[in-house]
Amino acid sequence: MIKEPTQEQMQVLEHTGNIVVTAKPGSGKTFTVVEKISNIMPSLADYQGVIAISFTNKASDELKRRCKQHGVEAKQSFFGTIDKFYISQIIIPFASHLTCLMPEYEVVNALENDSQYSELSNIDGELTPQQESLLLSALKEGKIFLGISGEIALYILRKVPGALNYIKARYTHIFIDEYQDCGKIQHAIFLLLVENGLKGIAVGDINQAIYGFSDRFPEYLISLIGQENFKHIELNKNHRCHPSISEYSLCLFGASKKVYEEKRVFRVSVAGNEKNIAEKIDQNLAAIKKKYGVKHNNSVAILCRNNGIVQLLDAALKTSHKTFTDTPLDRDNSEWGRFFRDIISARFDEDVFAVDYAEQLFSEELENVKYRKTLNLCQKIFSCCRDNISSVESDIIALAQLVYPKKKNKAAITMLHQVLMDDKLLNSYIPASENEINLMTLHKSKGLEFNIVFHMDMYRWILPNEYGDAAAQMQDLNLHYVGITRAIDVCYLMNGTKRYRSRQGDFVTAEPSPFLFKTGLAERRNDVIWK
């Protein structure tokens, strides 16, 4: 059966200008890119093509294979990694225009092992005269340092007019997948090509980078969303924030383009501490559910900065609720760690079946052998009762080996064992019943979605922890973003006049979080008082 594009995907296919696509996992981004490329190719001359860049060989090969299966005539297109593009399409063909030599080129992986050229590892923006001299010397010797291939390519594009003219003549579009992983140089080259006439299609997932809680942050993906010459299109197959919530979250990073008349983000002020906030949630919940057409309590979540506040609210909240505690797996962002979390959650989700899960991992039509093995393992895992879940530990590991064969992680395996053997930890992966509110940390909420969200701990020194460095405070902003975007229908940012200190076990005067005062946020939310 031929798959028909969704309405969201059709927006990508029909728009002829520059596009920045933010896509949630499972939203069909690869399908959309393949369809977009196949729509473009017939109109191109035989000497033209598109640039399709992925960050790994595996992803690049997959895109190329799917285009071929789709019957796409590649013509002069480039499919490959970003480093391969720089080296094969820019550096090797045009370095000789600078050096007047054509040596046998060698790609050198480790720049720091070559003391003569170690200064090149310090390139940051424009090259110093010394760095420029060293770079030309290396190119004369035929050395291309992989770690600075982007810097070399950008230097050539700026110094050799013929390089840019060649790219413009041969290619009409540039696609970059996983744009959230782009750094400063990759972003600069992408914009340079777009400014010189190529149509740019950037595809990424803001959450994917944010969930890693690492130093890498998708600032360049977000900056494209804010540019007027790029149309922002979201692929949200499974999750759709009200647009006012989405705009509020983007405004945290200065990328919002619109203020909606109906605002679904509320800053709520309550006299008292977290116990008083719990009391007000108890009092107002029924009316809120009615207003937004929410039937069940398990569509509601209270999200907290840490387990101490979770425990405090657990004791104070009268409405039936389920408390989820952080487990060792929750902060493991390795591929195997994320996979273990996902399959345990799926196992206890009544709406997910073994065959559905297997189909998400491998195509029965294209990878039949892997699909059959996967389905067999999924059937064992999904049919195992809770009390005997530890018996399928080896099957979960075997499944991870199939999905991520080169990403084996002993630490993640140890944490998986801990969770499967501890009933309290395991309970944190079992969904709340219909009459129970979800009570959990912001970290625990990663990847989940709820119709109604109460976002706690919007206080100075908590979010952000101002004792931390700039990187730590950025991670806290990422975490705040996660909390807001868990909400589908409405998000309440809760403020009390007092706050609890877990270490001291006391209450102190609370100051609002600086995150509440970022430019543009006030006009994108409603500020209310619950008396």
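Note that the structure is predicted; figures quoted are calculated from it, not measured. (Residues numbered from 1 in each chain as written. Predicted model: local features only at pLDDT ≥ 70, side-chain atom pairs only at ≥ 80, totals over all residues. Heavy atoms only, no water.)

Brief notes about the nonpolar core
Counting residues in each nonpolar core, the largest one holds 86 residues, and the members touching the most others are Ile51, Phe85, Ile91 and Phe190. Beyond its immediate chain neighbours, meaning those up to four positions away, Ile51 contacts Phe78, Phe85, Ile167, Tyr171, His173, Ile174, Phe175, Leu193 and Leu198. (Core = buried A, V, L, I, M, F, W, Y, C linked by side-chain atoms within 4.5 Å. Buried < 20%, exposed > 50% of the residue type's maximum accessible area, 1.4 Å probe, protein only. Contact = heavy atoms within 4.5 Å.)

Here we look at the pattern of salt bridges
For the structure shown, the criterion picks out 18 salt bridges. One salt bridge connects Arg65 with Glu62, and the closest N-O pair in it is separated by 2.6 Å. Separated by three residues within a single helix, Arg65 and Glu62 lie in helix H3 (residues 57–69), roughly one turn from each other. For Arg65, a relative accessible area of 28% corresponds to the partly exposed category. Note that Arg501 is salt-bridged to Asp506, the shortest N-O span being 2.8 Å. The class for Arg501 is partly exposed, based on a relative accessible area of 28%. In this structure Asp506 comes out as partly exposed when scored by relative accessible area, which is 26%. (Salt bridge = Lys/Arg side-chain N within 4 Å of Asp/Glu carboxyl O. Helix = DSSP H or I, 4+ residues; strand = E, 2+ residues; numbered from the N terminus.)

Quick look at helix H9 (residues 184–195)
For H9, which comprises 12 residues, the first-to-last C-alpha distance of 16 Å matches the rise-based estimate of 16 Å (1.5 Å per residue) to within 8%. Counting buried residues along H9, nine of its 12 residues qualify, which places the element largely inside the surrounding structure. Buried residues of H9: Ile185, Gln186, His187, Ile189, Phe190, Leu191, Leu192, Leu193 and Val194, and no others. Just beyond H9, the residue with positive phi is Gly197, at close to 110°. (Expected span 1.5 Å × (residues − 1).)

Brief notes about the packing of helix H15 (residues 335–347) against helix H19 (residues 410–421)
In the contact formed by H15 and H19, the axes pass within 9 Å of each other and the chain directions differ by 25°. The angle between H15 and H19 places the two elements in the roughly parallel class. In the packing of H15 onto H19, the handedness of the crossing is right-handed. Taken together, the residues of H19 that come into contact with H15 (itself represented by Trp336, Gly337, Phe340 and Ile344) are Ala412, Ile413, Leu416, Val419 and Leu420. Across the contact of H15 with H19, the residue classes tally to eight nonpolar, one polar and no charged. (Axes fitted to C-alpha atoms, helices over the stretch in contact; angles between N-to-C directions. Parallel < 35°, antiparallel > 145°, perpendicular 65-115°, else oblique. Left-handed = near helix turned anticlockwise from the far one by under 90°. Nonpolar A, V, L, I, M, F, W, Y, C, P; charged D, E, K, R; others polar.)

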